Amino acid sequence: MPNKKNRFYATTPIFYVNDAPHIGHAYTEVAADVLTRWHHQRGEESFLLTGTDEHGEKILRTAAANNSTPQAWADQLVKSAWLPLLETININNQDFIRTTEPRHERNVQKFLQALYDKGFIYQGSYEGNYCVGCEEYKTDADVMPGEGEYAGQVVCAIHSKPIEKLSETNYFFKLSEFAKPLLDYYEAHPNFVQPESARNEVVAFVRRGLDDLSISRSKEKFDWGIDIPWDDSHITYVWFDALLNYITAIGYGEDEAKFKSIWPPKVQIVGKDILRFHAVIWPAMLMAAGLELPKQVFGHGWLLVGGEKMSKSKLTGIAPSQITDTFGSDAFRFYFMRAIAFGQDGSFSWEDLSARYESDLANGFGNLASRVIAMVNRYFEGSVPKHGHYTDADKKIQQVAAKAVADADAAIEKLAIHEAIAAIWVLVDELNGYITVQEPWALAKDEAKRDRLATVLYTCLEGLRVLAILLAPVMPKATNALWNAIAEINLGELEDQPISKAAVWGQLSHGAAVREIEALFPRIEQE
Ligand code: MSP
């Protein structure tokens, strides 16, 4: 059985299939993927889960509006949009769960039955304001007066669409009983909800007290969901169903050994709009079932367009392929992880993306790799030169590399992905500065300085080796191209290189082949 200590299980939210993905969805995926790849290179057995959320009124209505059945609609969207998204942005997930799969449906029922048998579920009636966009009952604090076509109506603060009055006899989960245990848990585990702002918001929310949660809908209203096992006139509330994907995907209810070896997640990445579901309702459900809680729930910020959360329903959605078609998946991943402090909101603009591509990728990292490899080919017939005595300047590069490794690893530990990349970039900048000062092209003109030239270029190649390892989780394609050119033959696959040993100097052996490469980040013609 795998050693649980070295397991890194991470999850993304599962995505509604009412529409095609935009860059806000891709952002969540990339962050989780970068973290998972990093942990893999730390030598941990990493497992990334993602998937789709296919039940509920929102999907049913969208399907009907498109003259389709919800299942056919979901099948078509998963195939044409959500699975291809993973290719577009190069996500290396170990599983993909759809909530309409039998492995999910039957074990959601098992979970419900277990809670019912333990007395955590009862029948009651409810009346409230429901937002179909959020699939959630709304409190007064979550709604606002409508504008424009909805003037005079009350709208959801997130979707700006009218809320609907619902009144039903439903089954309820005794969420109110968990306010105290949750507060105790947050207190004892300060890292459970992060970042700090998210944690404070959640604690304040739970301190105000929790209402019991309606977890079923009568089939008389609509019937796209999982049957309540003891009453087939009701279906399961879509969020209660969806949250359980994190356990049904890894064997809950039917493969105890697998489940035990993977559960609980080290981190669950979610957008801040769905934080309460993950930091309040979900842990309460797990407590009720007697299951261990995830180690951390991290709520990231929103991508904003024109100061508002980007969304398809507000017509501000940008498809990820609009960016990757021109800039490539590596630049997409780099840009969103580097430009936005993970945990905070960030505005997207094409100008900012182009500027960073040009300065950091084409001129910074890409040009560094091209120059070094071209010089090794020109002056040493494409083989790793033999270094001589190291000067202080060379040793400085070794120290900067070691610090970049340590700083980046520490930043990833606290999920500050943007800081990790900034720490790695210190080495990119240092190497570019080193080349300017050492002037290898001038050394090459003097046969007496051949030994010095070899040492300078060896130092540059080693620096590139470290950069390839550190940047592989963020930019898998470019770093693999670089790795294949300078190191693959004697060091093996890039993704198997341990972060902890990245800065151990001198791993490239003298005489190994260095192959020419195409520009890693070609310049993009401005239209
Ligand atoms: N289906 C639910 C999640 C269930 S998890 C058990 C859902 N789906 S969603 O498709 O609407 O959103 C999925 C994720 O995308 C959420 O984490 C959400 O925060 C994120 N984003 C959607 N729009 C976003 C931005 N504009 N910016 C950043 N992330 C955004 O909610």
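Before reading on, note that the structure itself is shown above.
Everything quoted here is computed from the prediction, not taken from an experiment.

About the thresholds
- Numbering of residues begins from 1 in every chain and follows the order in which that chain's sequence is written.
- Whole-chain, interface and lining totals are the exception, using all residues; otherwise, since this is a predicted model, local features are given only for residues with pLDDT of at least 70 and side-chain atom pairs are given and counted only at 80 or more.
- Note that the side-chain values use all heavy atoms of the structure and ignore hydrogens as well as water.
- Think of it this way: a Phe, Tyr or Trp ring, Trp meaning its six-membered ring, pairs with another when their centres are within 6.5 Å, and the plane angle makes it stacked under 30 degrees, edge-to-face over 60, tilted otherwise.
- Helical segments are the DSSP runs of H or I of at least four residues, strand segments are the runs of E of at least two, and each set is numbered from the N terminus.
- Burial status follows relative accessibility: with a 1.4 Å probe on protein chains alone, a residue under 20% of its type maximum counts as buried, one over 50% as exposed, and anything between as partly exposed.
- Lysine and arginine charges are scored as sitting over a ring when NZ or CZ, respectively, is within 6 Å of the ring centre and within 35 degrees of the ring normal.
- At least two DSSP bridges between two strands are needed for those strands to be called paired.
- Any residue with a heavy atom lying within 4 Å of a molecule or strand is counted as near it.
- We define a polar contact as two N or O atoms separated by no more than 3.5 Å, with the added condition that, inside protein, one atom must be a possible hydrogen donor and the other a possible acceptor, whereas residues neighbouring each other in sequence contribute only through side-chain atom pairs.
- Note that accessible areas follow from Shrake-Rupley with a 1.4 Å probe, and for residues the cover is restricted to the protein chains shown.
- Any residue outside Ala, Val, Leu, Ile, Met, Phe, Trp, Tyr, Cys, Pro, Asp, Glu, Lys and Arg is labelled polar, Gly included; the first ten of those are nonpolar and the last four are charged.
- Here the expected length of a helix is defined as 1.5 Å per residue gap, with one fewer gap than residues.
- What we call the bend at a residue is the angle made by axes fitted to the seven residues finishing there and the seven residues starting there.
- It only takes one pair of heavy atoms within 4.5 Å for two residues to be counted as in contact.

Draft legend 1. Here's a closer look at the packing of aromatic side chains. A complete count under the given rule lists 34 aromatic pairs for this structure. Ring geometry for Tyr27 against Phe336: centres 6.4 Å apart, planes inclined by 70 degrees, an arrangement best described as edge-to-face. One end of the pair, Tyr27, is in helix 1 (residues 23-41); the other, Phe336, is in helix 12 (residues 329-339), with 309 residues separating them in the sequence. Note on accessibility: Tyr27 and Phe336 belong to one class, buried. Taken together, Tyr9, Phe47, Phe111, Phe120, Phe173, Phe178, Phe240, Tyr246, Tyr252, Phe259, Trp263 and Trp282 form an aromatic cluster joined through their ring pairs. Geometry around Tyr130 places Arg217 over its ring, the cationic atom sitting 5.2 Å from the centre. Arg378 extends its terminal NZ or CZ atom over the ring of Tyr379, reaching a point 5.5 Å from the ring centre.

Draft legend 2. Here's a closer look at the sheet that holds strand 4 (residues 121-131). Strands sit in the order 5-4-8-10 across an open sheet of four strands; the sheet is antiparallel. Of all the strands in the sheet, just strand 5 (136-138) and strand 10 (213-214) have a single pairing partner and so form its edges. When strand 8 (residues 164-173) meets strand 10, the two strands line up antiparallel, connected through two bridges. When the bridges of strand 10 are listed, Phe173 appears paired with Leu213.

Draft legend 3. Focus on the site of the ligand. Around the ligand lies a shell of 25 residues, among which Ile14, Asp53, Gly271, Asp273 and Leu303 are the nearest. Within the side chain of Asp273, a nitrogen or oxygen atom sits 2.6 Å from an oxygen atom of the ligand. Calculation on the ligand without its partners gives an accessible area of 670 Å², and the protein chains cover 96% of this total. At the level of elements, strand 1 (7-16), helix 1, helix 7 (238-243), helix 8 (245-248) and strand 14 (267-271) are the ones that each hand at least two residues to the shell around the ligand. For the shell around the ligand, the per-class residue count stands at 13 nonpolar, nine polar and three charged.

Draft legend 4. The arrangement of helix 3 (residues 70-88) in detail. For helix 3, which comprises 19 residues, the first-to-last C-alpha distance of 25 Å matches the rise-based estimate of 27 Å (1.5 Å per residue) to within 8%. Val78 marks where helix 3 bends most, by close to 45 degrees. Those residues of helix 3 lying buried are Pro70, Trp73, Ala74, Leu77, Val78, Ala81, Trp82, Leu85 and Leu86. Lining the buried residues of helix 3 we find strand 1, helix 1, strand 2 (45-53), helix 2 (57-65), strand 3 (95-98) and helix 11 (320-327). Backbone geometry just downstream of helix 3 places Asn90 in the positive-phi region, at approximately 60 degrees.

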